[in-house]
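# Coordinate inspection notes
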Amino acid sequence: MSNTTTNYIGKPASRVDGRAKVTGEAKYAAEFPAPGLTYGVVVSSAVAKGTITKIDTAAALSLPGVLQVFTHQNRPGLAWFDKKYQDEDAPPGTPFRPLYDEKILFSQQPIALVVADNFEVARYAASLVEITYETEPHITSIKNRLHEAYTPKEYKSAEPSPRGDAEKGLAQAEITHEAEYSHPSEHHNPMEMHASTVVLAEDGTLTVYDKTQGVQNSQNYITQVFGLAKEQVQVISPFVGGAFGSGLRPQYQLFLAVMAALELKRSVRVVLTRQQMFSFGHRPATIQHLVLGSTSQGALTAVVHEGFAETSRFEDYTENLVNWSAMLYKCDNVQLAHKLIQMDAYTPLDMRAPGGVTGLYALECAMDELAYKLDKDPLELRLTNYTNIDLSKDNPFSSKELKACYQQGAEKFGWAKRNPQPRSMREGKTLIGYGLATGAWEVNQQKSSAKAVLSPDGQLKVTSATADIGTGTYTIMTQIAAETLGLPLANVTFKLGDTALPQAPLQGGSWTAASVGSAVKAACEGIQEKLLAHIRNLKEGPLAGVQKLEEVLFADGKIILKSNPAQHMLLPEVMRLAGENFIEATVTTKPELRQKKYSMFSHSAVFVEVLVDEDFGTIRVTRVVSAIAGGRIINPKTARSQILGGIVWGMGMALEEESVMDQPYGRFINHDLAEYHVPVNADIHDLEVIFVEEDDDIVNPLGVKGLGEIGIVGTAAAIANAVYHATGKRVRDLPITLDKLM
Amino acid sequence: MNSFTYFRAHEVAAALTEKATAPQAKFIAGGTNLTDLMKVNVEQPHHLIDIRRLPLNKIEETEENGLRLGALVTNADTAYHPLVESRYPLLAKAILAGASAQLRNMATNGGNPLQRTRCYYFYDTATACNKREPGSGCSALNGYNRIHAILGTSEHCIAVHPSDMAVALTALDAKVNVTGPQGERVIPFPEFHRLPGDTPNIDTNLSPDEIITAIDLPTKGFAENNAYLKLRDRTSYAFALVSVAAALELEGNIIKEARIALGGVAHKPWRKPEAEAQLVGKEANPENFAQVAETLLAGAQGFGHNNFKIELAKRAIVRALLQAAKMEEIS
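Residues numbered from 1 in each chain as written. Chains lettered and ligands numbered in written order. Predicted model: local features only at pLDDT ≥ 70, side-chain atom pairs only at ≥ 80, totals over all residues. Heavy atoms only, no water.

### Re the overall build of chain B
This is how it is decided: In DSSP terms, a helix is any run of H or I states spanning at least four residues, a strand is any run of E spanning at least two, and both are numbered starting from the N terminus. Our radius of gyration is a C-alpha quantity, and the globule rule it is checked against amounts to 2.2 Å times the number of residues to the power 0.38. Residue exposure (1.4 Å probe, protein chains only): buried if accessible area is under 20% of the type maximum, exposed if over 50%, otherwise partly exposed.
Tallying secondary structure elements over chain B gives 11 helices and 12 strands in all. Relative to the globule expectation of 20 Å for 331 residues, the C-alpha radius of gyration of chain B, 19 Å, shows essentially globular dimensions. For chain B, the spread of C-alpha atoms along the three principal axes comes to 60 × 50 × 35 Å. Burial status across chain B gives 59% buried among its 331 residues.

Written out as C-alpha cells, the structure is:
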C-alpha cells in the first residue's frame, strides 16, 4: 500500500485537535457552561493527623450567595462498603472518603466544601470556615524507618520473585558494588487543575464533565458511591490538560461536586487550586538498596535490589519497582524485595512510568558504578550482560532491538569521544560529563471496543470511550481508521471521552495505541467485511466477481481490484447500490493468547552530555540522544513529542523536582509552581530522538508498543551518571541540586 | 480571596487622598505579587488603590547627569531602555535575571523592590510566620530553610528578599523618591529595606501611606566593569539562592572603586562598605577577591539546609568580581 495517498501509518501527521486546542475551542472540565451553575470551593486541613473538634461555618454561611457548607457533620449518608469506593486503579485497602468523619489522615485533606452561586463568594467563604483540631503526632518520612517496612499482601504487578542464589552469586563475584539510591516524592502537576462540572438535568440525571484518564472509571465510582444507575450518569471528558497518572483515580473534587449537586439539586463545579494539587496521589519517595556482583570481565553473578517505598496508612500502593532488575540483564542469581512504609500522607499514585523510572534509575546508576569499578566502558558492560531471553519468566522477548538503540544512540551522540576517566573533560571551569542508561517499559494490550460508522457521503466516524491526555490519541486513531479504510484523513473523525461510547480501558500504562488502536483497526475491518458482503452481490461493474477481501485494496478513497487497479469503486457507490444508508461495525479486541509465551517490552538507550560549573555545581544538560525501540511508530511527529516530553521530565526528576515534606507540619510545603521546579525552556538544549526499526507481530495486530512512558525511563540515571563522569562525585539522592555537588 | 473595592487614581495627590480616607487600603500597580498573595489569603485588603495610571511612567535624565526611572515604568521597558543598557548595564542584567518575560512586562520599578519574600511559610496560612502574623513564630528556623537567609537574620525571621533588581540598585547607590502626606523625601536604596529584627512584618522604611514616585540612578553607572551573577535551581524563572551584583572602577589592574551587593542571603540586599573599601587601591585578582568575600560573609550563619549558601556566596563573589574585571568569561 506504500504508493497510495491514504497510507498514514508511519507518517508524520499534525494533531487533528491542534487547531481546537490553540484557538480555545477545545473545552476542558471546568469550562463547560450550565444554567444556574453553582461553585464549590474546598477547605483543606491545616494539620497532618488528628481530629476535628469543631467546625464553625456560621461566618461562611452568613455571606449572601452561600448555599451550603458541607462537612462530615452534614454530609448525606452514602455507600458503606470500601468496595464501592474502589475505582479501577485503587490499591488494596480502604479508599479515602471525603467528609467521612472527623479524622484527619493527611495534611490538606478536604474537610469542607463551600458552595455559593458565584466562585468569588465561595472562595471568600471558604477562608472564613474555622476549624479546631486536636492534633496527634504524625510521621511523614521514610528515612530511618526501614526497620518498619513490611511486605504488602498484594502487589499491583508481578510479585518480586527471586531466582538462583544471590548470596552464592555474590560469594563468586570478583567485583561487587553496593549502594543506596533515593529520591523524594514528586507530584504530577499537570497544567490543568483537577476539576468537575456536574450538570443536573430536570429529570435528575447527571452529566459530569470530569478531568479523568477514564470516563468509565469516574462513572462507576459515582454510581457505586451515590447508589445511582449508569443511565443516570454520563461522564464526558473530551480534552485533558495533562494528567500523567493523576487522572487514573477519581479525585475528591468529583465526589464533592456530585454530592453537592445531588443535595442542592443544582449544577455544581469544583476546581482544585494549585496548592490542592499537592493534596492527593503522587510518586512515592523510595530508598533502594542495590548490590551487584560480577566477574572481573563484567559478567553479572548476582543482582540484589530491595526497594522501600512510602504508602499511606489506608492503602498499600505498589508499583513495579524492582522487577526490572530481574529482566534487563543476564544474571542467574537475583534477589528482590519491595517493601512499604506507612506515612500520614495520601496514598501514592501512578505517575508517568511508575516504578520503572525510579527502579531503573537505581539499577542503571548501580551498573554505571560497577563499570567504573571494573574499569569497563558502561556501554560495554551492558552489552556483556545483554539477554534475548527475559530470565525472570524464561520467555523470549516478542522483539528487542535494544542493541540497535545502543549502537545508533552511541554513534549519533559520539560516545566514542568519551574519556573514561571522571573529571577528565573540561573547558575552563566547566566540567564536561557523558553518561548513559538503559530504559525499559512494559507493553500491554487491554480489552477495548470501538465503533465505526460509514456514511453515504464517504465520511467515517469512529468512537471509543478512551481519553487523550495530550498524547495524540485523537490523531493516531484517525490515522489508523483512515488507512484501514483507505479514506483521506479529512473524511475521518474520532470521538472519545464519553461514557456513551464503546468501552475502553483507562488511558495509562502506554497501552492506548496498542489497545484502542487494535479495536479501531478491527472496527474498520468490520466495515470492510460488510462492504465486501455487498460487493459479492454485485452482478456487474468494476468489482463484480470479487469474493474475498484479499482481492481488493482499500486506498485513495476507493476499493481497488488488486489484479487490475484500473477497476475500482468509491465506498459510497457500493453503499448506494446496496441500498445502505449507513454501514457500522462495533468490535471488541482482546490480547491474543500467544502473547503469554513472550515477554513484551519497549526499550531505550539514553545518552547525555552535561556541563557542570566546577565552583558552583550548577548543571546544564546540553545534549540528550534517546534511542527508542518502541515497535511500529504510527505517527513519528506525535511520537517524537511524546519522547521529548519524557526526556524533559527526566531532566526534572534528575535535577529539579522534589515535593518537599515539611516534617514539623507533615505538609508538602513547596506547593506551587514557583517553588516546585520543573524544567523551563532555558534548561532545554539539544534533544534528539531516534526510533530504531523494530518489527513485532506478537504485541498486537498493529505492531505498536506505546510510547507514553519509555521517554522518561533512563533519562534521570543517564544524567546522574554524566554528572559523576563530569565531577567525580556520585550523588545518589535525587534531585541533584547544586548544594549536593559543592 | 476576600471581596474588595477598587479605586483608580490618575494623579498622585488623588492616590494619597484616597489612602488617607482608607488607611488599610493597598496600592496596586503591576499586581504581580499582590494578587498572588491575595489568592492565598496572605493579603486581604478590603480596598485597592490602582496607581498604574499615575503619570510616573517615564525614564528621564536628571540634572546631575543621572537617570530617573519612573515608578510605573515596567521592568521590561527599563531593562531594554537604551540609556539603561548603555549606562547602567548592571541594572539591565539584574532585571533580566529575574522572573519571566511575562512578569517583567507587568511588574513596575516601584513595585519590584516592594515584593514580599518567597518563604514557603509566609505563603501558607496553615503555618506560623512572624512576617505574616507577628508573634506566631518562625516555621523556617526549624523547618525547611534551604532558600533562607544566612546574614542579618533574627530569631523572628530568616526570610530573604527575592528581588534581583533591588540588588543592582543597592550596588549602584540608587535613591528612592517617595511622596506622602508629609511631602516628598529621598531614601538611599541601601537604607530602603530593613533587617527583620523583631518586626519582620515590616519589609521597608517606606511608610504605608507613601508612594514611590521614581528611582534615581546616580551619574556613576560602572558601565565598563560590572557583572550580575545569579545562582539558582534552574536556568530561568527561579529565585536566587545567591546572587551578586559587582561593579568596579579600574585603572589598569588597580581598583579605584568597588561595589558589591548580594541577593538571596538576607532580608535585604547585602552590602558592606568596609568590604568595598578593602579593595580600593588593590590589584584585581582572585586572592583579593577571595578576601573581600570573607569580609562580606563575616558572621554568616546557616540554619541546616542553607549552610551551603555561605561557601556558595563566597565563590560567587569571586566569580562575579572576576567577570566584572573581565578576567573571566561570562557563561
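Alright, that's what it looks like, and here's the rest.
### A closer look at the domain arrangement of chain A
Residues and elements named next belong to chain A. The test is simple: Note that the domain bounds were set by an automatic or database domain assignment. In what follows, residue pairs with any heavy atoms lying within 4.5 Å of each other are defined as contacts. Summed over both partners, the accessible surface that disappears when two parts come together, traced with a 1.4 Å probe, is what is meant by buried area. Each salt bridge in this description consists of a side-chain nitrogen of Lys or Arg and a carboxyl oxygen of Asp or Glu lying within 4 Å of one another. Identification of polar contacts relies on pairs of N or O atoms within 3.5 Å, with a donor-acceptor requirement for protein atoms, meaning one able to donate a hydrogen and the other able to accept it, and with residues adjacent in sequence counted only if both atoms are side-chain atoms.
Split into domains, chain A comes out as domain 1 (38-137 + 191-243 + 247-278), domain 2 (166-185 + 282-444 + 596-741) and domain 3 (445-590). On a C-alpha basis, the centroid separation for the pair domain 2 and domain 3 is 40 Å. Contacts between the two partners involve 19 residues from domain 2, matched on the other side by 18 residues from domain 3. When the two sides are added together, the surface that domain 2 and domain 3 hide from each other amounts to roughly 1,300 Å², 56% of it contributed by carbon and sulfur. At the junction of domain 2 with domain 3, the criterion picks out 0 salt bridges. Put simply, domain 2 and domain 3 have 5 residue pairs in polar contact (both at pLDDT 80 or more) between them.

### Points about the sheet that holds strand E4 (residues 59-61) of chain B
Residues and elements named next belong to chain B. Counted only if it meets this: Pairs of strands are assigned from DSSP output, requiring at least two bridges between the strands. An axis is simply a line fitted to the C-alpha atoms; with a helix, the fit covers only the stretch in contact. Between two such axes, the angle follows the N-to-C directions and lies from 0 to 180 degrees.
Strand order in the open sheet formed by 5 strands is E4-E5-E8-E6-E7, and the pairing between neighbours is antiparallel. The two strands at the open ends of the sheet, each matched to only one other strand, are E4 and strand E7 (183-188). When strand polarity is set aside, the average angle formed by the axes of neighbouring strands in this sheet is 25°. In the sheet, strand E5 (residues 67-70) pairs with strand E8 (residues 211-217) via 4 bridges, with the strands oriented antiparallel. Bridging across to E8, Leu 67 finds its partner in Leu 217.

### Focus: the sheet that holds strand E25 (residues 583-589) of chain A
The strands that make up a sheet are held in pairs by hydrogen bonds between backbone atoms, and each pair lies either parallel or antiparallel. Residues and elements named next belong to chain A. With respect to topology, 4 strands assemble into an open sheet ordered E21-E20-E19-E25, the strand pairing being mixed. In this open sheet, the two edge strands, each paired with only one partner strand, are strand E21 (492-495) and E25. In this sheet, neighbouring strand axes are inclined to one another by 15° on average, regardless of whether the strands run parallel or antiparallel. Where strand E19 (residues 448-454) lies against strand E20 (residues 460-463), 4 bridges are found, and the strand directions are antiparallel. By the bridge assignment for E20, Ala 452 is matched with Val 462. Packed onto the sheet, helix H12 (residues 473-485) meets E20 and E21 and runs at close to 135° relative to E21. Where helix H13 (residues 512-536) meets the sheet, it contacts E19, E20, E21 and E25, and its direction lies at approximately 140° from that of E25.

### Comments concerning the interface of chain A and chain B
To keep things clear, this is the line we draw: Three residue categories are used. Nonpolar comprises Ala, Val, Leu, Ile, Met, Phe, Trp, Tyr, Cys and Pro, charged comprises Asp, Glu, Lys and Arg, and polar comprises the others, including Gly.
Tallying the contact residues gives 34 residues for chain A and 39 residues for chain B. When chain A packs against chain B, close to 3,100 Å² is buried across both sides, 59% of that on carbon and sulfur atoms. At the surface where chain A touches chain B, the tally comes to 5 salt bridges. Across the pair Asp739(A) and Arg146(B) runs a salt bridge whose closest N-O atoms are separated by 2.9 Å. Counting every contact that joins chain A to chain B gives 12 residue pairs in polar contact (both at pLDDT 80 or more). The set of elements that each furnish at least two residues to the side of chain A that touches chain B consists of helix H4 (119-128) and helix H17 (738-741) of chain A. Of the residues in the side of chain A that touches chain B, the class split is 14 nonpolar, 7 polar and 13 charged.

### What about the packing of aromatic side chains?
Residue and element names in this part refer to chain A. Selection criterion: In this scheme Phe, Tyr and Trp rings, the latter by its six-membered ring, pair at centre separations within 6.5 Å, and the angle between planes marks the pair as stacked below 30 degrees, edge-to-face above 60, and tilted otherwise.
For the coordinates displayed, the defined rule picks out 29 aromatic pairs over all chains. For the pair Phe 314 and Tyr 346, a centre-to-centre distance of 5.8 Å together with 80° between the ring planes defines the contact as edge-to-face. Of this pair, Phe 314 sits in the loop between strand E13 (300-311) and helix H8 (324-327) while Tyr 346 sits in the loop between strand E14 (334-342) and helix H9 (356-374), placing them 32 residues apart in sequence. For the pair Phe 314 and Tyr 346, a shared accessibility class is recorded, and that class is buried. An aromatic cluster is defined as three or more aromatic residues linked by ring pairs; in this entry it consists of Phe 96, Phe 106, Phe 314 and Tyr 346.

### A few points about the nonpolar core
All names here are of chain A. Where we set the bar: We define a nonpolar core as any set of buried Ala, Val, Leu, Ile, Met, Phe, Trp, Tyr and Cys residues linked to one another through side-chain atoms lying within 4.5 Å.
Counting residues in each nonpolar core, the largest one holds 93 residues, and the members touching the most others are Leu 292, Val 608, Val 610, Ile 719 and Ile 736. In terms of residue count, H9 provides more of this core than any other element does, 11 residues in total. Excluding its chain neighbours within four sequence positions, the residues that come into contact with Ile 736 are Ile 619, Ala 654, Leu 655, Ala 720, Val 723, Val 731 and Leu 741.

### As for the domain arrangement of chain B
Residues and elements named next belong to chain B. Domains assigned within chain B are domain 1 (5-50), domain 2 (59-114 + 161-217) and domain 3 (227-324). When each unit is reduced to the centre of its C-alpha atoms, the spacing between domain 1 and domain 2 is 19 Å. Every contact between the two is made by 8 residues of domain 1 and, on the other side, 11 residues of domain 2. Around 740 Å² of area is buried between domain 1 and domain 2 when both sides are counted, 79% of it from carbon and sulfur atoms. Sorting the residues of domain 1 by area buried against domain 2 places Leu 16, Gly 30 and Thr 32 first, and these three jointly supply 52% of that buried surface. Among the residues making up the side of domain 1 that touches domain 2, the classes are represented as 5 nonpolar, 2 polar and 1 charged.

### Description of the UniProt feature "domain: Aldehyde oxidase/xanthine dehydrogenase a/b hammerhead" (unreviewed entry) in chain A
Operational definition: UniProt positions are given in the numbering used here, feature names are shortened, and annotations may be inferred rather than shown by experiment.
Within this structure's numbering, the places UniProt gives as "domain: Aldehyde oxidase/xanthine dehydrogenase a/b hammerhead" (unreviewed entry) are residues 23-137 of chain A. Summarising residues 23-137 of chain A: 17% helix, 30% strand, and an end-to-end C-alpha distance of 50 Å.

### A word on the UniProt feature "domain: FAD-binding PCMH-type" (unreviewed entry) in chain B
According to UniProt, the "domain: FAD-binding PCMH-type" (unreviewed entry) feature falls on residues 1-222 of chain B. Spanning residues 1-222 of chain B, this segment combines 23% helix with 17% strand, and its end C-alpha atoms are found 44 Å apart.

### With respect to the packing of H9(A) against helix H16 (residues 715-727) of chain A
Residues and elements named next belong to chain A. This is how it is decided: By definition in this entry, angles of less than 35 degrees are roughly parallel, angles greater than 145 are roughly antiparallel, angles of 65 to 115 are roughly perpendicular, and the rest are oblique. With the far helix as reference, a near helix turned anticlockwise by less than a right angle produces a left-handed crossing, and one turned clockwise produces a right-handed crossing.
Relative to each other, H9 and H16 sit at 30°, their axes nearing to 8 Å. One way to sum up the angle between H9 and H16 is to call them roughly parallel. Note that H9 runs across H16; the crossing there is right-handed. Judged by residue contacts, Leu 360, Tyr 361, Glu 364, Cys 365, Asp 368 and Tyr 372 of H9 engage Ala 717, Ala 720, Asn 721, Tyr 724 and His 725 from H16. Among the residues making up the contact of H9 with H16, the classes are represented as 7 nonpolar, 2 polar and 2 charged.

### Overview of a negative patch on the surface
The cut-off we apply is this: Distance thresholds for patches are 9 Å for like charges and 5 Å for nonpolar side chains (Val, Leu, Ile, Met, Phe, Trp, Tyr), applied to residues having over 30% relative accessible area and no salt bridge. In short, Shrake-Rupley with a 1.4 Å probe defines the accessible areas, and a residue's cover is counted only from the protein chains shown. Residues scored as positive are Lys and Arg, those scored as negative are Asp and Glu, and His as well as the terminal groups of each chain are ignored. For this purpose, a charge sits on NZ of Lys, CZ of Arg, CG of Asp or CD of Glu.
Taken together, the side chains of Glu401(A), Glu693(A), Asp695(A) and Asp697(A) make up a negatively charged region of the molecular surface. Following the sequence through the fold, Asp697(A) ends up in the loop between strand E30 (686-691) and H16.

### Focus: the environment of Glu102(A)
Residues and elements named next belong to chain A. Relative to the helices and strands, Glu 102 resides in the loop between helix H3 (82-85) and strand E4 (103-104). We classify Glu 102 as partly exposed; its relative accessible area is 32%. Put simply, Glu 102 and His 72 are 30 residues apart on the chain and 6.5 Å apart in space, counted from C-alpha to C-alpha. Those residues in contact with Glu 102 that sit more than four places away from it in its chain are Gly 50, Thr 51, Ile 52 and His 72.

### Points about unusual backbone geometry
With an omega dihedral of -5°, the bond running from Leu734(A) to Pro735(A) counts as a cis peptide bond. As for its position among the elements, Pro735(A) is in the loop between H16 and H17. One non-glycine residue with positive phi stands out, namely Asp394(A), at about 60°. With respect to the secondary-structure elements, Asp394(A) resides in the loop between strand E15 (389-390) and strand E16 (395-396). On the accessibility criterion, Asp394(A) (59% relative accessible area) is exposed. The backbone of Tyr237(B) shows a phi angle near 55°, a positive value even though the residue is not glycine. Positionally, Tyr237(B) belongs in the loop between strand E9 (226-231) and strand E10 (242-251). In this structure Tyr237(B) comes out as partly exposed when scored by relative accessible area, which is 34%.

### Considering the side chain of Arg271(B)
All names here are of chain B. Checked against the element boundaries, Arg 271 lands in strand E12 (residues 270-271). Looking at Arg 271, its side chain comes within polar contact range of the side chain of Asp 173, at 2.9 Å. There is a polar contact of 2.8 Å between the side chain of Arg 271 and the side chain of Glu 276. Setting aside anything within four residues of it in sequence, one finds Arg 271 in contact with Thr 170, Ala 171, Asp 173, Pro 190, Arg 259, Ile 260, Ala 261 and Glu 276.

### So, the state of the cysteines
Residues and elements named next belong to chain B. Quick note on the threshold: Note on disulfides: each one is a pair of cysteine sulfur atoms within 2.5 Å.
Evaluated as defined, the whole model comprises 0 disulfides over all chains. Here Cys 129 is not disulfide-linked; the sulfur of Cys 119 is the nearest cysteine sulfur, at 5.7 Å. According to the relative accessible area criterion, Cys 129 is buried, its value standing at 7%.

### A few points about the environment of Leu655(A)
Residue and element names in this part refer to chain A. Looking at where Leu 655 falls in the secondary structure, it is placed in helix H15 (residues 636-655). Between the C-alpha atom of Leu 655 and that of Lys 84, which follows or precedes it by 571 residues, the distance is 40 Å. When residues no more than four places from it in sequence are discounted, the contact partners of Leu 655 are Ile 619, Val 621, Ile 719, Pro 735, Ile 736 and Thr 737.

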